[in-house]
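Overview (structure and organization)
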Amino acid sequence: MIKFEVNGKEHSYSGDASMPLLWFLRDIADLKGTKFGCGKGLCGACTVHLNGQAVRSCTLPVQAIEGQSITTVEGLSDDASHPVQRAWQELNVAQCGYCQCGQMMSAAALLQNNQAPSDDDINNAMSGNICRCGTYPRIKTAIKLAADLAVEVK
Ligand code: FES
Ligand code: FES
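All values reported here derive from a predicted model rather than from experimental measurement.

Comments concerning the pattern of salt bridges
For the structure shown, the criterion picks out 2 salt bridges. The residue Lys32 makes a salt bridge to Asp30 at a minimum N-O spacing of 3.5 Å. The salt bridge involving Asp119 is made with Lys144; its shortest N-O contact spans 2.4 Å. One end of the pair, Asp119, is in helix α4 (residues 119-126); the other, Lys144, is in helix α5 (residues 136-153), with 25 residues separating them in the sequence. Accessibility expressed as a relative area gives 36% for Asp119, which makes it partly exposed.

Written out as structure tokens, the structure reads:
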């Protein structure tokens, strides 16, 4: 039995321990915000936080998260009040939207570690998140707005 936490709730799983966490999140925990894109750790659509760090859930086996804490996009806040969610809404970042939960999770992890990221910091942190709609300029602006909003909250 593998035990872990998702968005502050205890979960346990006794199936195939090598199953990717993404499968657990979408098919068992019914948390559909985290998306399947490439399944190979290349696109970032499946990004979640493992103990606050951005990780790719499509390549992370459930056995690797025993005793760990996972946050999905649904866990950023109860009411879309996280600075990243507010900034994304204010700037209408999403186009088709498919990549955006992964983008927001990478952005939230960046801002957790760096409250005033430079353009280079943003480029480095976000380089593994692909957007087929090309929303990159809006994402960069939104991360800067989220950094400002986070300061206001404090
Ligand atoms: S689906 Fe995980 S990185 Fe693409
Ligand atoms: S908004 Fe469509 S893939 Fe990013």
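Now, onward.
What about the sheet that holds strand β1 (residues 2-6)?
Spatial ordering of the open sheet is given by β2-β1-β5-β3-β4, a layout of 5 strands whose pairing is mixed. Across the chains shown, the open sheet's two edge strands, defined by having one partner strand only, are β2 (9-13) and β4 (53-56). For this sheet, the mean inter-axis angle between neighbouring strands, taken without regard to orientation, is 40°. As paired elements, β1 and strand β5 (residues 69-71) share 2 bridges and run parallel to each other. In the sheet register, Val6 faces β5, and the bridge partner there is Ile70. Helix α1 (residues 21-28) rests against β1, β2, β3 (47-50) and β5 of the sheet, and its axis sits at about 110° to β2.

A short note on helix α3 (residues 100-113)
End to end, α3 covers 20 Å across 14 residues, agreeing with the expected 20 Å (1.5 Å per residue, within 8%). Where burial is concerned, most of α3 is hidden: 12 out of the 14 residues are buried. Three or more residues of α3 are buried, namely Gln100, Cys101, Gly102, Gln103, Met104, Met105, Ser106, Ala107, Ala108, Ala109, Leu110 and Leu111.

Regarding the pairing of β3
Where burial is concerned, the two faces of β3 agree: the one with Thr47 and His49 and the one with Val48 and Leu50 are both buried. Here 4 bridges tie β3 to β4, and the two strands are oriented antiparallel to one another. When the bridges of β4 are listed, Thr47 appears paired with Arg56. The turn joining β3 and β4, which pair antiparallel and follow one another in sequence, is formed by 2 residues; a positive phi near 50° is taken by Asn51. As judged from the 2 bridges shared by β3 and β5, these two strands associate in the antiparallel manner. Paired with Leu50 across the bridge in β5 is Ile70.

Notes on the domain arrangement of the protein
By the assigned domains, the protein splits into domain 1 (2-75) and domain 2 (83-153). Each of domain 1 and domain 2 has a C-alpha centre, and the two are 21 Å apart. Between domain 1 and domain 2, the contact holds 18 residues from the first and 14 residues from the second. In total, about 1200 Å² of surface goes out of reach between domain 1 and domain 2, with carbon and sulfur atoms giving 54% of it.

Section: the layout of surface pockets
Volume-wise, the second largest pocket comes out at about 170 Å³. Around the second largest pocket, the lining residues are Phe36, Gly37, Cys43, Ala45, Cys96, Tyr98, Cys99, Ile130, Cys131, Arg132 and Cys133. A class-by-class count of the residues in the lining of the second largest pocket yields 9 nonpolar, 1 polar and 1 charged.

Parameters at a glance
Residues numbered from 1 in each chain as written. Chains lettered and ligands numbered in written order. Predicted model: local features only at pLDDT ≥ 70, side-chain atom pairs only at ≥ 80, totals over all residues. Heavy atoms only, no water. Salt bridge = Lys/Arg side-chain N within 4 Å of Asp/Glu carboxyl O. Helix = DSSP H or I, 4+ residues; strand = E, 2+ residues; numbered from the N terminus. Buried < 20%, exposed > 50% of the residue type's maximum accessible area, 1.4 Å probe, protein only. Pairing = 2+ DSSP bridges. Axes fitted to C-alpha atoms, helices over the stretch in contact; angles between N-to-C directions. Contact = heavy atoms within 4.5 Å. Expected span 1.5 Å × (residues − 1). Domains from an automatic or database assignment. Buried area = accessible area lost by both parts, 1.4 Å probe. 1 Å grid on protein atoms, 1.4 Å probe; cavity = no way out; pocket = protein on both sides within 12 Å on 5 of 7 lines; lining within 4 Å. Points joined across faces, edges and corners; volume = space filled by probe spheres on them. Nonpolar A, V, L, I, M, F, W, Y, C, P; charged D, E, K, R; others polar.

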